[in-house]
Amino acid sequence: MLLSMTAIDKSFGGVRVLTEASLEIEPAEVMALIGQNGAGKSTLIKILTGAYFRDNGDITFEGKQANFQSTAESQTAGIATIYQEINLAQHRSVAENIFLGREPKKFCLVDRNKMCADARAVLTRFKLDIDVERPLEDFGAATRQMVAIARGVTQNARLVIMDEPTSSLDEREVAVLFETIHALKADGVATVFISHRLDELYAICDRITVMRDGRTVAATAMKDISKVELVRTMLGKELTAFTAGAGNRSGNPRETLVEAKNLSAGLRVRDVSLSIGKGEIAGLAGLLGSGRTETARLIYGIDRRDGGTVLVAGKATAYNEPVDAIAAGCGFVSEDRKVEGIVPDMSVRENMTLAILPRLQKSGIVDRAAQKAIVDKYIKALGIKCASPEQPIRELSGGNQQKVLLARWLCMNPRLLIIDEPTRGIDVGAKAEILNLLRSLADDGLSVLMISSELEELIAVADHVTVLSDGRSVAHLSADELSEDRLMTAMAHQSKAVA
Ligand SMILES: Nc1ncnc2c1ncn2[C@@H]1O[C@H](COP(=O)(O)OP(=O)(O)OP(=O)(O)O)[C@@H](O)[C@H]1O
Ligand SMILES: [Mg+2]
């Protein structure tokens, strides 16, 4: 046995978070760790690595009692951790980030040339060809995540822990990561893999540990548990299915809210047209690099367009900045929610109502009762797990922080909500609930532009889907034409023709 954690208890300020939780891992084993948002996965990991202290329980690592007093200590002992919140130095270079705290030295000074060369070599293994001397903040979420992973796996660890490593990665990057995990395994290194994407767990993991409400409720070989059984164990009940289908399956035309025609910007968006009706959920599908996020940013006015028109409620818009779009009643929930917009020390209440504070104020005084009503409503509607609305948001689990940010936009009552990957980082149970909520808001008149890589999700809630390929809209599918096959064919179509 490489690692054994038994009967771990942990409370924060009197609130019990872990109760007799356990985790056992053999050398070279790839262990899945799964549970709902707030189940205690990240906390269990932080206790192992010495980021938090446990109240009770035993930990043995490589046959010895382990009581790491700091993350540095667990690292030295052979445990590398890639945390859910990327905790790298954004202003430092990529190379510095990979070797932070263990820089190659020459005559007591950091050997920059060697450090950069080593960093380049490491990243080549991850098929990443970037300028390692540029600051990390210059790169997108996926690249930053890959750098964090590269840092983790180059520490000669016996155990590598990855807390939701794939949430910002695309399919190709996930494939590279899986190769890395296989290579680690071949070297006898074990991995703990935390993810809400069940397919990934089945693809890469040998065994699975399931947590529910701070307890370990199952530990078994991956091949011995079916998906349905797994979800039931994790939720402690059957999965709530999507209760709502798309609202406008009748095909009767609706009043158009947004009409975008022939949008173009640089090479990323060449010719995209789409429309969104009032009360409709319009899907935007496409492979990575097809221009989905870029199209949404053009509509919202985050980026300038070179050509094309956007009409909102019949009026030409020229949003030059997001504030214009916000003033016009449009919200944008970006895919980078984890790093964007959270004010860690502020409470759940404050974080949620940040954007509507002007509206809640009368002669400079916040209407507390109105604020409380809104906060309570969304905590309930999204199933946000927190001790109270006054809890600092940094104390919430990753998935629950995401829900608070989603609520921040929803409580503005926008007429258009653009949402990039709405269920990223959200557990399978809460996912259906969030999609149902979006559907019912649409039925009340909200228009939604939803970008999603999960075809199932689009098929379940979208009234129609625009498929992009290579910066062009190549297909518009109505609700009754939607199927995974048709979407995939449309997504692949144009790129093949071009290649
Ligand atoms: N520092 C803290 N202070 C108070 N409560 C905390 C703290 N850290 C975690 N918690 C609470 O512990 C519970 C478990 O959180 P944890 O982050 O371990 O969940 P998780 O399983 O990783 O969820 P997710 O899938 O959303 O990442 C949550 O209810 C959270 O609010
Ligand atoms: Mg977590």
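Residues numbered from 1 in each chain as written. Chains lettered and ligands numbered in written order. Predicted model: local features only at pLDDT ≥ 70, side-chain atom pairs only at ≥ 80, totals over all residues. Heavy atoms only, no water.

Asks: Can you help me understand unusual backbone geometry in this one?
Replies: Note: most residues except glycine have negative phi, and most peptide bonds are trans. You will see that Phe-107, though not glycine, has its phi angle at about 50°, which is positive. Residue placement: Phe-107 occurs in the loop between β7 (105-106) and β8 (109-110). Note on Phe-107: relative accessible area 74%, which makes it exposed. Despite not being glycine, Asn-413 shows a phi value in the positive range, around 50°. By the element assignment, Asn-413 lies in the loop between α14 (398-410) and β21 (416-420). Judged by its relative accessible area of 58%, Asn-413 falls in the exposed class. (Helix = DSSP H or I, 4+ residues; strand = E, 2+ residues; numbered from the N terminus. Buried < 20%, exposed > 50% of the residue type's maximum accessible area, 1.4 Å probe, protein only.)

Asks: Just to check I follow, could you spell out the domain arrangement of the protein chain for this structure?
Replies: By a widespread convention, an interface's size corresponds to the accessible area lost as its parts come together. Looking at the protein chain, the domain boundaries give domain 1 (3-235) and domain 2 (256-498). Taken over C-alpha atoms, the centre of domain 1 sits 29 Å from the centre of domain 2. Both faces considered, domain 1 and domain 2 share a buried interface measuring about 1400 Å² in area, 51% of it formed by carbon and sulfur atoms. Here domain 1 is connected to domain 2 by 0 salt bridges. The interface formed by domain 1 and domain 2 includes 4 residue pairs in polar contact (both at pLDDT 80 or more). At the level of secondary structure, the elements contributing two or more residues to the side of domain 1 that touches domain 2 comprise α5 (141-153) and α8 (227-235). By residue class, the composition of the side of domain 1 that touches domain 2 is 6 nonpolar, 8 polar and 3 charged. (Domains from an automatic or database assignment. Buried area = accessible area lost by both parts, 1.4 Å probe. Salt bridge = Lys/Arg side-chain N within 4 Å of Asp/Glu carboxyl O. Polar contact = N/O pair within 3.5 Å; in protein donor to acceptor, adjacent residues only side chain to side chain. Nonpolar A, V, L, I, M, F, W, Y, C, P; charged D, E, K, R; others polar.)

Asks: Can you help me understand the layout of surface pockets in this one?
Replies: Looking at the second largest pocket, its volume works out to about 700 Å³. Lining the second largest pocket are 34 residues; nearest its centre among them are Val-17, Thr-43, Glu-395, Leu-396 and Ser-397. Elements supplying a minimum of two residues to the lining of the second largest pocket: β2 (15-25), α1 (41-49) and α14. Residues of the lining of the second largest pocket, tallied by class, amount to 9 nonpolar, 15 polar and 10 charged. Looking at which domains feed residues into the lining of the second largest pocket, each of domain 1 (3-235) and domain 2 (256-498) supplies at least three. (1 Å grid on protein atoms, 1.4 Å probe; cavity = no way out; pocket = protein on both sides within 12 Å on 5 of 7 lines; lining within 4 Å. Points joined across faces, edges and corners; volume = space filled by probe spheres on them.)

Asks: Is there a simple way to think about the packing of α14 against helix α15 (residues 428-443) in this case?
Replies: The relative placement of two packed helices is expressed as an angle between their axes plus a distance between the axes. Contact pair α14 / α15: the axes reach a minimum separation of 13 Å and the direction vectors enclose 5°. By the criterion of interaxial angle, the relationship of α14 to α15 is roughly parallel. Residues Lys-403, Leu-406 and Leu-410 of α14 pack against Ala-430, Ile-434, Leu-437 and Leu-441 of α15. Of the residues assigned to the contact of α14 with α15, the class counts are 6 nonpolar, no polar and 1 charged. (Axes fitted to C-alpha atoms, helices over the stretch in contact; angles between N-to-C directions. Parallel < 35°, antiparallel > 145°, perpendicular 65-115°, else oblique. Contact = heavy atoms within 4.5 Å.)

Asks: How should the sheet that holds strand β3 (residues 30-34) be read in this particular structure?
Replies: Pairing between sheet strands relies on hydrogen bonds along the backbone, with the strands arranged either parallel or antiparallel. Sheet architecture is open: 6 strands sit in the order β6-β9-β10-β3-β11-β12, paired in mixed fashion. Only two strands of the sheet have a single partner each, and these edge strands are β6 (79-82) and β12 (215-221). Mean inter-strand twist for the sheet, computed between neighbouring axes without regard to direction, equals 15°. With 5 bridges joining them, strand β9 (residues 159-163) and strand β10 (residues 190-194) adopt parallel strand pairing. Directly across from Ile-161, in β10, lies its bridge partner Val-192. Contacts from α5 reach β6 and β9, with the element oriented near 175° to β6. (Pairing = 2+ DSSP bridges.)

Asks: Looking at this model, I keep getting lost on the site of ligand 1. Mind explaining?
Replies: In the vicinity of ligand 1 there are 21 residues, among which Gly-38, Lys-41, Thr-43, Ser-397 and Gly-399 approach most closely. Ser-397 places a side-chain nitrogen or oxygen 2.7 Å from an oxygen atom of ligand 1. Protein chains bury 90% of the 640 Å² of accessible surface belonging to ligand 1 in isolation. Counting atoms within 2 Å of the grid points, the majority share of ligand 1 lands in the second largest pocket. When residues of the shell around ligand 1 are traced back to their parent elements, those giving at least two are α1 and α14. With 3 residues, the top contributor of residues to the shell around ligand 1 is α1. Split into classes, the residues belonging to the shell around ligand 1 amount to 5 nonpolar, 12 polar and 4 charged. Counting residues domain by domain, the shell around ligand 1 receives three or more from each of domain 1 (3-235) and domain 2 (256-498). (Near = heavy atom within 4 Å. Areas by Shrake-Rupley, 256 points an atom, 1.4 Å probe, with all protein chains shown as cover. Sits in = over half its atoms within 2 Å of the grid points.)

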